[in-house]
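Observations on chain architecture
So the chains spell out like this:
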Amino acid sequence: MGKNIILIGMMGSGKSTIGRLLAQKIENFDFVDTDEEIEKTAKMTIPEIFIDYGESSFRELESGTIKRFCAHENQVISTGGGCVESIENIEALKESGIVFYLKASVDTLFERVKHTDDRPMLYDEDPRKKLKMLLKRREPLYQSADFVIDTENKSQDDIVSELRDLYYAHR
Ligand code: S3P
C-alpha cells in the first residue's frame, strides 16, 4: 500500500502532464485528474458546468471528487487550480498522501494558458491580470503543501525525477 502523490498549483503549472508521466514511473500507481473525473461524472465540460450551473456548483463537484479519490491509495492525483480555496479539500488531500506544489511564475503560467479557452476562471477582459490576482490569493494556500517544487527552467523529465525521488524518500 502506498500513500497518494497529490499535485496542486495554478492552471498551466503542468499538474496533468507531469502527473501522468509520474504515474507511469511508479509501479502500480494510477493517474487521476480531478477535472477529468468531474467531467465524466457530470457528462459536461468544465466550461459548460460553470456557464450552466455556476462556480459554486463546480466547487461542490470538485470537493466530492477529491473526497472520493482520497479514499483510495497508490494514485497520482492532479487537482484543479482552485481546489485549495477550500480548507476541507486541503485537509483531505494532505491526509491521503504527500502534497506537492508545482510552482511557476505568472509569466510562465500565462504563456501556457493564453491560447486555451477551457478555463472559465480566465473568462475576463484581462485574463493575465485575473491569473495574477488568483495566484496572489492562492499562493499562501499552495505553500501549505508538503513540498514546493520550483518548475521554472526545468524539463518535464527533471520535474518528474525530482517528485519521484522526494516521494520515495518520504513515503
Ligand atoms: C480552475 C482550474 C482548472 C479547473 C477549473 C477551475 C481554477 O483546473 O479546475 O477551470 O479555479 O483555477 P486546472 O488547474 O487543471 O487548469
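Rules used throughout
- Residues numbered from 1 in each chain as written.
- Predicted model: local features only at pLDDT ≥ 70, side-chain atom pairs only at ≥ 80, totals over all residues.
- Heavy atoms only, no water.
- Helix = DSSP H or I, 4+ residues; strand = E, 2+ residues; numbered from the N terminus.
- Buried < 20%, exposed > 50% of the residue type's maximum accessible area, 1.4 Å probe, protein only.
- Salt bridge = Lys/Arg side-chain N within 4 Å of Asp/Glu carboxyl O.
- Arc of directions from axis to C-beta.
- Contact = heavy atoms within 4.5 Å.

**Considerations on unusual backbone geometry**
One non-glycine residue, asparagine 28, lies in positive phi territory at about 65°. One can find asparagine 28 in the loop between α1 (15-25) and β2 (30-33). Taking relative accessible area as the criterion, asparagine 28 reaches 62% and is therefore assigned exposed. A positive phi angle is found at lysine 43, which is not glycine, with a value near 55°. Relative to the helices and strands, lysine 43 resides in the loop between α2 (34-42) and α3 (46-53). The class of lysine 43 is exposed, set by a relative accessible area of 74%.

**Things to note about the pattern of salt bridges**
Opposite charge on two side chains permits pairing when their charged atoms draw close. Counting across every chain of the model gives 12 salt bridges. Between glutamate 36 and arginine 20 there is a salt bridge, with its nearest N and O atoms 3.0 Å apart. Pair noted here: glutamate 36 is in helix α2 and arginine 20 is in helix α1, with a separation of 16 residues, a long-range link. Judged by its relative accessible area of 34%, glutamate 36 falls in the partly exposed class. Note that arginine 119 is salt-bridged to aspartate 118, the shortest N-O span being 3.8 Å. Since its relative accessible area comes to 25%, arginine 119 is described here as partly exposed. Each of Glu55, Arg59 and Glu62 takes part in salt bridges that share partners, so that together they form one network.

**Details of helix α5 (residues 87-96)**
Considered for burial, the residues of α5 that qualify are Asn89, Ile90, Leu93 and Ser96. Looking straight down α5, one finds that the buried residues subtend no more than 140° of arc, so they occupy a single side. Projecting away from the buried face of α5 at angles above 90 degrees are the exposed residues Ile87, Glu88 and Glu95. Where the residues of α5 are buried, they touch β1 (4-8), α4 (55-70), β4 (97-103) and α7 (127-142).

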